[in-house]
Amino acid sequence: MDKLTSMNVFVRVAKAGSFAGAAKDLDISRAMATKHIMQLESELNTRLFNRTTRSLSLTEAGEAYLERCQQVLLDVAEMESAITHLQTEPRGTLKILAPPVIGASHISPGLTEYLKNYPDLSVEMVLKGGQVDLIDEGVDLAIYLGQLNDTSLVARKLASSSLVVCASPEYLKSHGTPQDPEDLEDHSCLINWAIPPRNKWRFKGILGERTVTVTGRMQANMADPIRNAAVNGLGLIMLPRYIVGRDIEQGRLQVVMEQYGISPLEIYAVYPHRKYMSAKVRSFLEFIQAWLPHRIGMNP
């Protein structure tokens with residue numbers, strides 16, 4: 001059997017949660033879908049699915065193999081798409097979704113430069129926090145912050161930005177300066193839902209990783225409301241330095257607990273894996289991957 005075909009069947013079975021569902025999607029028999037999976041398991045000498053009469057779930061090996069298969073199939077699709085569209089200029093409408101702050105301050109200027117090169121292309125940009133169904137919303141490409149929950153999508157890392165914990169000098173004078181992560185339990189911590197895992201702040205020190213569950217007087221699904229609240233003395237925040245850098249430089253916010261490391265915020269371009277990448281998506285992805293890290297002061 002063709003290995004790529006078997007890998008594609010495996011991915012479809014994993015997504016559908018059943019052999020019958022995958023077979024229907026692929027217009028093949030259930031027996032053929034089962035045969036492809038059995039062939040893969042034989043070649044890999046491992047079980048990819050846990051099977052019962054009522055359910056089908058991936059094994060640990062299956063989870064790892066699914067991630068690799070999706071990347072292989074994506075690479076093949078991109079290669080074929082690149083050849084097919086080699087002489088095709090980006091055209092039509094490119095719909096992009098991005099978080100409000102990074103979208104307005106960093107993605108938007110990049111779009112301006114990008115569009116200068118493609119007179120037959122227009123862009124529809126939606127500034128919205130959180131993750132949405134890209135297919136239902138008709139989105140070609142989205143900018144996501146942090147971990148991607150939907151494994152049916154492909155995420156390509158664009159950059160990473162350092163996170164800092166900070167508060168106004170007035171707040172620290174009134175409530176004291178936290179020295180250790182556990183001290184945050186006695187402070188008002190303002191929470192940005194857009195940065196997972198929401199109310200759990202993670203730190204790295206000489207004793208290893210420490211996770212603190214924080215609470216506070218304000219939560220929001222984007223950065224600006226809690227940044228403003230922190231500047232006005234309502235509590236501590238954990239936000240990317242590209243958002244609070246100017247406030248820190250001008251003394252409106254003060255960084256605390258710098259002796260502890262914080263895993264950086266990863267920034268991804270995300271698009272549906274089941275689509276062949278069009279010329280407009282491919283060209284913008286290549287552009288923003290080169291543009292964003294240098295303009296925002298982040299590491300690629």
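Look a little higher up for the structure.
Residues numbered from 1 in each chain as written. Predicted model: local features only at pLDDT ≥ 70, side-chain atom pairs only at ≥ 80, totals over all residues. Heavy atoms only, no water.

Caption draft 1: Broad picture of the environment of Val9. The residue Val9 is located in helix H1 (residues 3–16) in this model. Residues Val9 and Ile28 lie 19 residues apart in sequence; the distance between their C-alpha atoms is 9.8 Å. With residues up to four places along the chain from it excluded, the contact list for Val9 reads Leu26, Ile28, Ala33, His36 and Ile37. (Helix = DSSP H or I, 4+ residues; strand = E, 2+ residues; numbered from the N terminus. Contact = heavy atoms within 4.5 Å.)

Caption draft 2: A look at the side chain of His106. Within the secondary structure, His106 sits in helix H5 (residues 100–115). In this structure the side chain of His106 is engaged in a polar contact, spanning 3.4 Å, whose partner is the side chain of Ser105. (Polar contact = N/O pair within 3.5 Å; in protein donor to acceptor, adjacent residues only side chain to side chain.)

Caption draft 3: Region of the structure containing the environment of Ala290. Take Ala290: it is sitting in helix H10 (residues 279–296). Along the backbone, Ala290 and Glu185 are 105 residues apart, and their C-alpha atoms lie at a distance of 40 Å.

Caption draft 4: Structural view of the nonpolar core. Membership of the largest hydrophobic core comes to 63 residues, with the highest contact counts inside it found for Val165, Leu184, Phe203, Leu236, Ile237, Val244 and Phe284. Excluding anything up to four places from it in sequence, Phe203 contacts Val165, Pro181, Leu184, Gly208, Glu209, Arg210, Met238, Met257, Tyr260, Gly261 and Ile262. Counting 18 residues, the second-largest nonpolar core is a separate cluster that includes Phe19, Ala33, Leu66 and Cys69. (Core = buried A, V, L, I, M, F, W, Y, C linked by side-chain atoms within 4.5 Å. Buried < 20%, exposed > 50% of the residue type's maximum accessible area, 1.4 Å probe, protein only.)

Caption draft 5: Examining the side chain of Thr59 more closely. Following the sequence through the fold, Thr59 ends up in the loop between strand S2 (56–58) and helix H4 (60–84). A polar atom in the side chain of Thr59 sits 2.7 Å from the backbone oxygen of Arg47. Setting aside chain neighbours within four positions, we find Thr59 in contact with Arg47, Leu48, Phe49 and Asn50.

Caption draft 6: Spatial organisation of the packing of aromatic side chains. As enumerated under the stated definition, the model contains 8 aromatic pairs in all. When the centroid spacing of 5.2 Å and the interplanar angle of 50° are considered together, the rings of Phe10 and Tyr65 count as tilted. One end of the pair, Phe10, is in helix H1; the other, Tyr65, is in helix H4, and 55 residues separate them in sequence. There is no split in this pair, since Phe10 and Tyr65 are both buried. (Phe/Tyr/Trp six-rings, centres within 6.5 Å; stacked < 30°, edge-to-face > 60°.)

Caption draft 7: Broad picture of the sheet that holds strand S3 (residues 92–98). In space, the 5 strands of this open sheet follow the order S4-S3-S5-S14-S6, with mixed pairing throughout. Single-partner strands in this sheet number two, and they are strand S4 (121–127) and strand S6 (153–161). The mean inter-strand angle of the sheet, taken between neighbouring strand axes irrespective of direction, is 20°. In the sheet, S3 pairs with strand S5 (residues 141–145) via 2 bridges, with the strands oriented parallel. Each residue of the ladder has a partner; that of Leu97, found in S5, is Ala142. Each of S3, S4, S5 and strand S14 (265–272) is contacted by H5, which is oriented at about 175° to S4, the strand it contacts most. (Pairing = 2+ DSSP bridges. Axes fitted to C-alpha atoms, helices over the stretch in contact; angles between N-to-C directions.)

Caption draft 8: Highlighting helix H8 (residues 223–231). All of the buried residues along H8 are Ala223, Ile226, Arg227, Ala229 and Ala230. Along the axis of H8, the buried positions cluster into a sector of 160°, meaning they face one direction only. Where H8 is buried, its residues touch H5, strand S8 (189–192), strand S11 (219–220), strand S12 (236–240) and helix H9 (241–249). Within two residues after H8, Gly233 carries a phi angle of roughly 85°, on the positive side. (Arc of directions from axis to C-beta.)

Caption draft 9: Molecular detail of helix H3 (residues 30–44). Helix length check: H3 (15 residues) gives 21 Å between terminal C-alpha atoms against 21 Å at 1.5 Å per residue, within 8%. Within H3, the full set of buried residues consists of Ala33, Thr34, His36, Ile37, Leu40 and Glu41. Around the axis of H3, the buried residues are gathered within 155° of arc, so they sit on the same side. Exposed side chains of H3 directed beyond 90 degrees from the buried face belong to Ala31, Met38 and Ser42. Once H3 finishes, Asn45 follows within two positions and takes phi at roughly 55°, a positive value. (Expected span 1.5 Å × (residues − 1).)

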